[in-house]
Protein chains: 2
Amino acid sequence: MATSDVKLLGAWPSPFVNRVQIALNLKSIKYEFLEEQYGTKSELLLKSNPVHKKIPVLIHGDKPVCESLIIVQYIDEVWSFGPSIFPSDPYDAALGRFWAAYVDDKLLPMMMETRKAEGVEAKMAAFERLKEGLVVLEDAFAKCSKGKDFFGGDSIGYLDIAFGCCLGWIKASEKMMEVVLLDETKTPGLVGWAGRFCSHEAVKGTLPETEKLLEIAKRFQTNAKA
Amino acid sequence: MATSDVKLLGAWPSPFVNRVQIALNLKSIKYEFLEEQYGTKSELLLKSNPVHKKIPVLIHGDKPVCESLIIVQYIDEVWSFGPSIFPSDPYDAALGRFWAAYVDDKLLPMMMETRKAEGVEAKMAAFERLKEGLVVLEDAFAKCSKGKDFFGGDSIGYLDIAFGCCLGWIKASEKMMEVVLLDETKTPGLVGWAGRFCSHEAVKGTLPETEKLLEIAKRFQTNAKA
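Predicted model only: the values in this text are computed from it and were never measured. (Residues numbered from 1 in each chain as written. Chains lettered and ligands numbered in written order. Predicted model: local features only at pLDDT ≥ 70, side-chain atom pairs only at ≥ 80, totals over all residues. Heavy atoms only, no water.)

Overview of the sheet that holds strand S1 (residues 6–10) of chain B
Residues and elements named next belong to chain B. Taken together, the four strands give an open sheet; going across it, the order is S2-S1-S3-S4, and neighbouring strands pair in mixed fashion. Of all the strands in the sheet, just strand S2 (32–35) and strand S4 (63–66) have a single pairing partner and so form its edges. This sheet shows a mean twist of 20° between the axes of neighbouring strands, independent of strand direction. Lying on the sheet, helix H1 (residues 15–26) is in contact with S1, S2 and strand S3 (57–60); it crosses S1 at an angle near 155°. (Pairing = 2+ DSSP bridges. Helix = DSSP H or I, 4+ residues; strand = E, 2+ residues; numbered from the N terminus. Axes fitted to C-alpha atoms, helices over the stretch in contact; angles between N-to-C directions. Contact = heavy atoms within 4.5 Å.)

See below:
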């Protein structure tokens, strides 16, 4: 379905922005992507998200919706036709929300720590903590997917979107630091899931390529040292 | 409606637990309150919330639901009869979720800062930041309530519950530090709303009395110094 009054304020390397893109793709909603330039904040962004001044912002008609996971829920509720992002069972929905919050409140800070840690020893310790955090999510995958392909069961759901958008940065970290974060021994479920998620029609072309993220990561490092 | 298979693991001074109590009251759901003792974690809590090991946990039948705002959403979805906690309009729902996240991610840390800050000057600066944070919520009240009694309009909704449960600790802070956090000049909407919220049938008897919270706060301080 074509929807001409949908705009997304974002930037392609942001996993939070990718979440919104995938949700819109799943619902086949056309939208205009307004790219925010790194290091600047447009007038439209400041006006649309005056509290946090952060991307992504979905502008639907004249209404701005902020915060990636809130936007994903909004998309599911507004365009209630097509594939459901949320399961109909309230307990499954609560589980999805719980683990999505785990991704944002636990895993993402653990990923940030691997970047901030200084010295090889501290960096490796941070990666070990992140790996342990991913093993916890492996258990969640078993519980949520119930033996099916995705956290959401037969199709991509809220938690798939919430965690899946971290995969680009996970792969970039693996390459940059020569570590393995997802492997067949400790996280076999997540390895299989990651392959299926990345090759899903709604995801393909949305998650940034590893090489491009590595360039961005180097730019971050240079700026941090400057 | 009587529902005998609902248990709530909690502690009376916790605003997060109070959120769940109010949501259950709104829906007229009877439940068994299992009080966790300060400084200990029961076997049932560790088993029900192994990731965070925190209250509140709602146990519905044999299914544990964790994280206060997720539990409130679960309650609204499972017991969909009676007063709705979420508005039916997706944009209003997104606004409620946005401001509830603001309460948890911005206001509550600001409240924590007022407790942690050492020395009168640092403490007063922390209170000033909290006051500014409350003024931001005053604007949100105008937008969400649209001139009606509550954030949720004519009746108590998600954001009323999310923020309302902080009122006990706000009042305790005002008394303990002899400051005014909500006043008729800068936050007149919130002052009126707070009165209506606290005297609502679903809230009365749930929010702890200020004197009792002051005792708890003193115990925290003593333990922190020990």
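What about the interface of chain B and chain A?
Counting from both sides, the interface comprises 23 residues of chain B and, opposite them, 23 residues of chain A. A combined buried area of about 2,100 Å² lies between chain B and chain A, and 73% of that area is made up of carbon and sulfur atoms. On the chain B side of the contact with chain A, Tyr91(B), Arg97(B) and Phe98(B) bury the most area, a combined 30% of that side's loss. For the pair chain B and chain A, the interface holds two salt bridges. Residue Glu77(B) is joined to Arg97(A) by a salt bridge in which the shortest nitrogen-to-oxygen separation is 3.3 Å. Our count for the chain B to chain A interface comes out at six residue pairs in polar contact (both at pLDDT 80 or more). Of all the secondary-structure elements, those providing two or more residues to the side of chain B that touches chain A are S4, helix H3 (68–78) and helix H4 (90–116) of chain B. In terms of residues, the side of chain B that touches chain A owes the most to one element, H4(B), which gives nine residues. Here the residues of the side of chain B that touches chain A are counted per class, giving 15 nonpolar, three polar and five charged. (Buried area = accessible area lost by both parts, 1.4 Å probe. Salt bridge = Lys/Arg side-chain N within 4 Å of Asp/Glu carboxyl O. Polar contact = N/O pair within 3.5 Å; in protein donor to acceptor, adjacent residues only side chain to side chain. Nonpolar A, V, L, I, M, F, W, Y, C, P; charged D, E, K, R; others polar.)

Let's talk about the domain arrangement of chain A
Size of an interface, as often reported, equals the accessible area lost when the parts are brought together. All names here are of chain A. For chain A, the assigned domains read domain 1 (6–78) and domain 2 (90–225). On the domain 2 side, the residues contacting the 15 residues of domain 1 number 24 residues. For the domain 1 and domain 2 pair, buried surface summed over both sides reaches about 1,800 Å², with 70% attributable to carbon and sulfur atoms. Linking domain 1 with domain 2 are one salt bridge, by the criterion used here. Linking domain 1 to domain 2 there are seven residue pairs in polar contact (both at pLDDT 80 or more). (Domains from an automatic or database assignment.)

Section: the UniProt feature "domain: GST C-terminal" (unreviewed entry) in chain A
According to UniProt, the feature "domain: GST C-terminal" (unreviewed entry) maps to residues 89–220 of chain A in the numbering used here. Strand forms 0% of residues 89–220 of chain A and helix 70%; the C-alpha atoms that close the span are 42 Å apart. (UniProt positions renumbered as here; feature names shortened; annotations may be inferred.)

Focus: the pairing of S2(B)
All names here are of chain B. Relative to S2, S1 runs parallel, the two being bridged by four bridges. Bridged to Leu8 within S2 is Phe33. In the classification by handedness, the crossover that spans S1, the intervening H1 and the parallel S2 is right-handed. (Right-handed = clockwise from strand over helix to strand, strands pointing away.)

Points about the pairing of S1(B)
On a regular strand, one side chain projects to one face of the sheet and the next to the other, so that they alternate. Residue and element names in this part refer to chain B. Among the five residues of S1, four are classified as buried, and the element is accordingly described as predominantly covered. Note that S1 and S3 share four bridges and pair antiparallel. Bridge pairing in S3 links Leu8 to Leu58. (Buried < 20%, exposed > 50% of the residue type's maximum accessible area, 1.4 Å probe, protein only.)

Comments concerning unusual backbone geometry
Going from Ile55(A) to Pro56(A), the amide bond is cis rather than trans, its omega being 0°. Mapping Pro56(A) onto the fold places it in the loop between helix H2 (43–48) and strand S3 (57–60). Not every positive phi belongs to a glycine, and Glu67(B) is a case in point at roughly 75°. For Glu67(B), a relative accessible area of 25% translates into the label partly exposed.

Here we look at the pattern of salt bridges
This model, assessed by the stated rule, comprises 18 salt bridges over all chains. With a shortest N-O distance of 3.5 Å, Glu128(A) and Lys131(A) are connected by a salt bridge. Of this pair, Glu128(A) and Lys131(A) are both found in helix H5 (residues 120–145), three residues apart, which corresponds to roughly one turn of the helix. Judged by relative accessible area, which is 26%, Lys131(A) ranks as partly exposed. Put simply, Asp154(B) and Lys148(B) hold a salt bridge, and the shortest N to O gap is 3.5 Å. On the accessibility criterion, Lys148(B) (40% relative accessible area) is partly exposed.

Things to note about the relation of the copies chain B and chain A
Overlaying chain B on chain A yields an RMSD of 0.0 Å, the required transformation being a rotation through 180° with an accompanying axial translation of 0.0 Å. Overall, the copies show the geometry of a two-fold rotation axis. Residue Asp105(B) of chain B places its C-alpha closer to the rotation axis than any other residue of that unit, at 5.2 Å. (Least-squares fit on C-alpha atoms with pLDDT ≥ 70 in both.)

Let's talk about the packing of helix H4 (residues 90–116) of chain A against H3(B)
Running from amino to carboxyl end, H4(A) crosses H3(B) at an angle of 165°, the nearest separation of the two axes being 9 Å. Classified by the angle between their axes, H4(A) and H3(B) sit roughly antiparallel to one another. Handedness of the H4(A)/H3(B) crossing: right-handed. On H3(B), the residues touching Pro90(A), Tyr91(A), Ala93(A), Ala94(A), Arg97(A) and Phe98(A) of H4(A) are Ile70(B), Gln73(B), Tyr74(B), Glu77(B) and Val78(B). For the contact of H4(A) with H3(B), the residue count by class is eight nonpolar, one polar and two charged. (Parallel < 35°, antiparallel > 145°, perpendicular 65-115°, else oblique. Left-handed = near helix turned anticlockwise from the far one by under 90°.)

Some thoughts on helix H7 (residues 167–177) of chain A
Along H7(A), the residues classified as buried are Leu167(A), Gly168(A), Trp169(A), Ile170(A), Ala172(A), Ser173(A) and Glu174(A). Where H7(A) ends, the next residue or the one after it, Glu178(A), has phi of about 50°, a positive value.

Remarks on the packing of aromatic side chains
Each aromatic ring pair is summarised here by two numbers: the centre-to-centre distance and the angle between the ring planes. Residue and element names in this part refer to chain A. Applying the stated criterion across every chain, the model contains 18 aromatic pairs over all chains. Ring geometry for Phe151 versus Trp193: centroids 5.2 Å apart, planes at 75°, classification edge-to-face. Residue Phe151 is found in the loop between H5 and helix H6 (158–164), and its partner Trp193 is found in helix H8 (residues 188–198); the two are separated by 42 residues along the sequence. Owing to a relative accessible area of 5%, Phe151 belongs among the buried residues under this scheme. A centroid spacing of 5.2 Å and a plane angle of 15° characterise the contact between Phe163 and Trp193, whose relative ring orientation is stacked. Of the two residues, Phe163 sits in helix H6 while Trp193 sits in helix H8, which places them 30 residues apart along the sequence. Residue classification places Phe163 among the buried positions, given a relative accessible area of 1%. Aromatic rings pair up to connect Phe141, Phe151, Phe163, Trp193 and Phe197 into one cluster. (Phe/Tyr/Trp six-rings, centres within 6.5 Å; stacked < 30°, edge-to-face > 60°.)

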